[in-house]
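Each chain, written out:
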Amino acid sequence: MNQPVKNGVMVYAEQEEGIVHPVSFELLGKGRELADRLNIELWSVLLGYRVRDKAETLIHYGADRVFLYDDQMLEEFDVVKYKHVLVELVREVAPQLFLIGATPLGRSLAPRIAAALNTGLTADCIDIQIDDRGEIVQIRPAFTGNIIAHIKTRSRPIMATVRYRVMKPLPRDNSRRGKIVERSPPKLPDTGLKFLGEVSTRSVNLAEADIIVSGGRGLKKKEDLNMLKELASLLGGVVGVSRPLVDDGWISKDHQVGFSGNTVKPKLYIACGVSGSPQHMAGMRDSEVIVAINIDRSAPIFRIADYGIVGDLYEVVPKLIEALKRLKENE
Amino acid sequence: MNSGLRIIVLIKQVPDIGKVKFNVEEGRIDRSSASLETNPFDLNALETAIQFKEHIGGYVTVVSMGPPQAESSLRDALARGADRAILLTDKFFAGADTLATSYTLATAIRKIGFFDLIICGEKTVDGDTGQVGPEVAEHLNIPHVAYVCEIRSATLDRLLVVSDMGDKYLIEVKLPALITVTKDINTPRLPTLRNVLKAKKANIEVWSADDLADYGELCRFGLQGSMTTVFKIVFPSEEGRRGLIFHGEDAVEKLVEVLRERGFIA
């Protein structure tokens, strides 16, 4: 493994303030599977400042080789600086496939790299497969989630951003061995970008939630969200909403599920009074279990639901809360 | 051209996503089934530009690549306050992926010449990629800030913006630059009737591949310049979904039972 091996699978390890984004481990899991099938190495690249110990972690999650750029110049995520470093590395080591998490950061960074390399980039993939001809296929939703496109790329590296929570990470194995290749970033120009700090932290991270109780236009007034909050807290979940409720100023955008809000994939999604616009469903249709509570049997949400109750949410939800409370008391 | 910010807004005409029909058997999108409209996110981009123009002065050029009917989106943009409209239309532009699209747009921007700021919507409702903006910035070798949800201040040589990356960050960017904006940044205004009538008669410049020949490589346009191919379209399958509806007085009890069985209730 000391020979420079060409054309591996590269995974971008996203980190912020020294914390590796879990999508990176998921990509290493998928990358491992693909690299094994193609009989090539799995590589990862990590940029940041004082992140050296994280390189080891990437090996524990499946990487054979980690390219580490640990430099004060890379402390802040400056998309142009990061692009410079990654383009230089890709030109040198020439991976076949380059996977980046489809996080806001990844979706800002990946297109710049692809354009600089004049290579194809597929956004927001939900799967990467190898077909029977041995070719890499990227699979992604489009048209606000109404279709699933299968895409091939004729340039190298094939680049893709991959949605969070769709791939499975490997269990961490601290005995795994790999190689850390320490690099210095090239001289970076003034990019014109200056980071002046965080303005606000989101009040809830729906993308991470396992259970979401969500409300839509079926709710009559802002205060009625409290009912959903109570249901969510009994289940150990959080509250989501469809866009109109955010537009009306009932709750912050952090809670918005849908195409222009958050894409979520919880284990359980309970939609209360959500009719299911294409924009809303694009943000939650991959939830593991979907429960719909709606007064209108013809509401589109029922088409993607596992379980449903046709009824007034103002009757159903309080009953549900009551039933859950009873269960808790009997424990 | 008056003083102030020279702004270019990139827009795309898309089918009305709420109405478009999908032919599930044949695996194709029936684009004629829905009316066309300007990508909703692009209206926020245009509104951002118009507000700059009102506050610190400027000149707004709106550019779209698409079939000839995309002209109506450009006319709408003029009615909303843009000063100049350019349509990039040519069969050589067709079949473009985000790489070829962004290259073509960047080439047209080079032909336009001077600019201080390029504004795009964060993504389109049909492609959903959000890639074209940052790719254009790279082709033009300028910085970009994605997911801008607020403009804090603007001068003729720099902007102070808030970028919504989940958490929100304050970023200063030196011009020339590109920003992509979210829906939260503003509420797009409607054009006045007077301006709609005026825009009806306005001139829309139409540029073909030949018109761009001196500013870029023709082989990087359209299908030829595209590196990705969609070779199959399928529809999200809900087959695995049970679609079990609970009825009657004990519907809630039945639901609770199912949630228990599946381990959601301890």
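Residues numbered from 1 in each chain as written. Chains lettered and ligands numbered in written order. Predicted model: local features only at pLDDT ≥ 70, side-chain atom pairs only at ≥ 80, totals over all residues.

### Regarding the interface of chain B and chain A
- Taken residue by residue, the interface counts 64 residues in chain B and 69 residues in chain A.
- Those elements that provide at least two residues to the side of chain B that touches chain A are helix 3 (98-112), helix 4 (132-139), strand 9 (144-154), strand 10 (158-165), strand 11 (167-174), strand 14 (228-234), strand 15 (244-246) and helix 7 (251-261) of chain B.
- Examining the composition of the side of chain B that touches chain A, we find that eight residues originate from one element, strand 11 of chain B, more than from any other.
- Of the residues that constitute the side of chain B that touches chain A, the class distribution is 34 nonpolar, 13 polar and 17 charged. (Contact = placed C-beta atoms within 7 Å. Helix = DSSP H or I, 4+ residues; strand = E, 2+ residues; numbered from the N terminus. Nonpolar A, V, L, I, M, F, W, Y, C, P; charged D, E, K, R; others polar.)

### Quick notes on the domain arrangement of chain A
All names here are of chain A.
- Assigned domains of chain A: these are domain 1 (9-183) and domain 2 (206-330).
- Relative placement of domain 1 and domain 2: their C-alpha centres are 33 Å apart.
- At the interface, seven residues of domain 1 touch nine residues of domain 2.
- Broken down by class, the residue content of the side of domain 1 that touches domain 2 amounts to two nonpolar, three polar and two charged. (Domains from an automatic or database assignment.)

### Quick look at the sheet that holds strand 10 (residues 147-153) of chain A
- The sheet built from four strands is open, its strands ordered 8(A)-9(A)-10(A)-14(B) with antiparallel pairing. Each end of this open sheet is capped by a strand with a single partner; those strands are strand 8 (127-130) of chain A together with strand 14 of chain B. Across the sheet, the mean angle separating the axes of adjacent strands is 30 degrees when strand polarity is ignored.
- Sheet analysis places strand 9 (residues 136-142) of chain A next to strand 10 of chain A, joined by five bridges and oriented antiparallel. Its bridge partner lying in strand 10 of chain A, Ala142 of chain A is registered against Ile147 of chain A. (Pairing = 2+ DSSP bridges. Axes fitted to C-alpha atoms, helices over the stretch in contact; angles between N-to-C directions.)

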